[in-house]
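Descriptive structure summary
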Amino acid sequence: MADRKPIISGNWKMHLNHFEALKLVQELSYLITEDDVDAVDISLHPPFTDIRTVQTVLEADKLPFHLGAQHCHFEEKGAFTGEVAPSMLAKLNVGYVIVGHSERREVFGESDEMINKKVLAILAAGMLPILCCGETLEEREAGEAESKIARQVTAGMASVNAEQAADMVIAYEPIWAIGTGRTASAEDAQAMCAAVRSTVAGLYGDEVAQSVRIQYGGSVKPVNAHELMTQPDIDGALVGGAALEADSFARIAQFRLSE
Ligand code: 13P
């Protein structure tokens, strides 16, 4: 691996109220050490209603986790009932925002064009996007996995400049592996993350491509984290179910300690 610092992100999805969020963050703070966060960035992505609570405990107790969000709108303000602006998140010291998750694309109809507007708005607000891509099982079986993710990454990064691109995180999440207990083999995950990196190289050149951090997501658990995370093009994990429990998320974040 180049000197990219791995990033392990917990996507809590629509789980945990703000009391439960507080408990989980406190439990994590007992399990995760200074050595862990020297080696690995850790970001937590609670639901919107928990963000202020999590921010308060992170800052009051000086906990070394990055605050994240799962979603935002691309507009700064306006008549968009139910939506949240990037600057509102930045004001809460959110550092990373997941964008283009397959659940947002498939359940809420987000298009590549909307996702690109969000990527640009997140960057403009001084936060970093975690841009998600990934193929369905049908697309994989039809041999279309690489072309699908190349298209999603290219569209999602339109008009992003090279300096911004270098700091981005891209998450490869095969849709068939999300929440199913089915994980891509380390070999397949590596091949797809390498394909993401070569797409970035095609857009921005090698230097930017070597700097972008690429996560794998889809049923990452303590038992498979080490093998996945030690692949040369995998720089972290976007974790769903296993991020809801302190012990399993901490063990994933400590992947380097297991064999
Ligand atoms: P699971 O880890 O529950 O499969 O979820 C993956 C995911 O979608 C993270 O964004």
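Look up: the structure comes first, before these words.
Predicted, not measured: the structure shown is a model, and the values here were computed from it.

Observations concerning the overall build of the protein chain
- A count of helical and extended segments in the protein chain gives 13 helices and eight strands.
- Computed over the C-alpha atoms, the radius of gyration of the protein chain is 17 Å, within 12% of the 18 Å expected from 2.2 N^0.38 for a compact globule of 259 residues.
- Over its C-alpha atoms, taken along the principal directions, the protein chain stretches across nearly 50 × 45 × 35 Å.
- When the 259 residues of the protein chain are sorted by exposure, 53% land in the buried category.
- Within the protein chain, counting contacts between residues at least 6 apart in sequence, those at least 24 apart form 74% of the total.
- As displayed, the protein chain offers around 11,400 Å² of accessible surface, 52% of which is attributable to carbon and sulfur atoms.
- Here the protein chain contributes 21 positively and 38 negatively charged side chains, and the mean placements of these two sets differ by 4 Å.

Description of helix H12 (residues 222-229)
- Burial in H12 covers these residues: Asn224, Ala225, His226, Leu228 and Met229.
- On its buried face, H12 sits against strand S1 (7-11), helix H10 (186-204), strand S7 (213-217), strand S8 (236-239) and helix H13 (246-253).

Some points on the packing of helix H1 (residues 18-31) against helix H3 (residues 48-60)
- It is the contact of H1 with H3, at a shortest axis distance of 9 Å, that shows an interaxial angle of 35°. Judged by the twist between their axes, the crossing of H1 over H3 is right-handed. The segment H1 lies against H3, with His18, Ala21, Leu22, Val25 and Gln26 engaging Thr49, Asp50, Thr53, Val54, Val57 and Leu58.
- Broken down by class, the residue content of the contact of H1 with H3 amounts to six nonpolar, four polar and one charged.

Regarding the site of the ligand
- Every residue lining the ligand is accounted for by Asn11, Lys13, His101, Glu173, Ala177, Ile178, Gly179, Gly218, Ser219, Leu238, Gly240 and Gly241.
- Its free accessible area being 310 Å², the ligand has 97% of it covered by the protein chains.
- Partitioning the shell around the ligand into residue classes produces three nonpolar, seven polar and two charged.

Description of the nonpolar core
- If you look at the biggest cluster of nonpolar residues, it comprises 72 residues, and the most contacted ones within it are Ile8, Leu28, Ile42, Leu89, Met157, Tyr216 and Val239.
- Per element, the largest residue contribution to this core is seven residues, and it comes from H10.
- Those residues in contact with Met157 that lie beyond four places of it in its chain are Asn116, Leu131, Ala165, Met168, Ile170, Val200 and Tyr204.
- With eight residues, the next largest nonpolar core counts Ile98, Ile130, Cys132 and Leu238 among its residues.

Some remarks on the environment of Ser102
- In this fold, Ser102 is placed in helix H5 (residues 102-107).
- On the basis of relative accessibility, which here comes to 10%, the residue Ser102 falls in the buried class.
- A C-alpha to C-alpha distance of 9.6 Å links Ser102 and Thr136, two positions 34 residues apart in sequence.
- Ignoring any residue separated from it by four or fewer positions in sequence, one finds Ser102 in contact with Val107, Ile175 and Ile178.

Observations concerning the sheet that holds strand S4 (residues 96-99)
- Pairing within the closed barrel is parallel, and its eight strands lie in the order S1-S2-S3-S4-S5-S6-S7-S8. Here the average twist between neighbouring strands, direction ignored, is 25°.
- In this structure, strand S2 (residues 41-45) lies alongside strand S3 (residues 66-69), joined through two bridges in parallel fashion. Pairing of Leu44 across the sheet is with Leu67, part of S3.
- On top of the sheet, helix H8 (residues 145-156) reaches strand S5 (128-133) and strand S6 (169-172); it is set at about 155° to S5, its chief contact.

Comments concerning the state of the cysteines
- In this structure the tally under the stated criterion is zero disulfides.
- Cys133 forms no disulfide, and the closest cysteine sulfur to it belongs to Cys132, at a distance of 7.6 Å.
- Of all cysteine sulfurs, the one in Cys133 lies closest to Cys193, which takes part in no disulfide; the gap is 7.9 Å.

Considerations on the packing of helix H6 (residues 112-124) against H8
- Between H6 and H8, whose axes approach to 8 Å, the crossing angle comes to 45°. It follows that H6 is oblique to H8 by the angle criterion. Here H6 contributes Asp112, Asn116 and Val119 to the contact with H8, which in turn contributes Gln152, Ala155 and Gly156.

Quick word on H8
- With 12 residues, H8 ought to run about 16 Å at 1.5 Å a step, and its terminal C-alpha atoms sit 16 Å apart, in line with that.
- All buried positions along H8 are accounted for by Ala145, Lys148, Ile149, Gln152, Val153 and Gly156. Seen along its axis, H8 keeps its buried residues to an arc of 125°; they face one direction.
- The inward-facing, buried residues of H8 contact H5, H6, S5, helix H7 (137-141), S6 and H10.

So, how was this worked out
Residues numbered from 1 in each chain as written. Predicted model: local features only at pLDDT ≥ 70, side-chain atom pairs only at ≥ 80, totals over all residues. Heavy atoms only, no water. Helix = DSSP H or I, 4+ residues; strand = E, 2+ residues; numbered from the N terminus. Rg over C-alpha atoms; globule rule 2.2 N^0.38 Å. Buried < 20%, exposed > 50% of the residue type's maximum accessible area, 1.4 Å probe, protein only. Contact = heavy atoms within 4.5 Å. Areas by Shrake-Rupley, 256 points an atom, 1.4 Å probe, with all protein chains shown as cover. Lys, Arg positive; Asp, Glu negative; His and termini not counted. Charge placed at Lys NZ, Arg CZ, Asp CG, Glu CD. Axes fitted to C-alpha atoms, helices over the stretch in contact; angles between N-to-C directions. Left-handed = near helix turned anticlockwise from the far one by under 90°. Nonpolar A, V, L, I, M, F, W, Y, C, P; charged D, E, K, R; others polar. Near = heavy atom within 4 Å. Core = buried A, V, L, I, M, F, W, Y, C linked by side-chain atoms within 4.5 Å. Pairing = 2+ DSSP bridges. Disulfide = S-S within 2.5 Å. Parallel < 35°, antiparallel > 145°, perpendicular 65-115°, else oblique. Expected span 1.5 Å × (residues − 1). Arc of directions from axis to C-beta.

No statement about biological role is implied by the geometric values presented.
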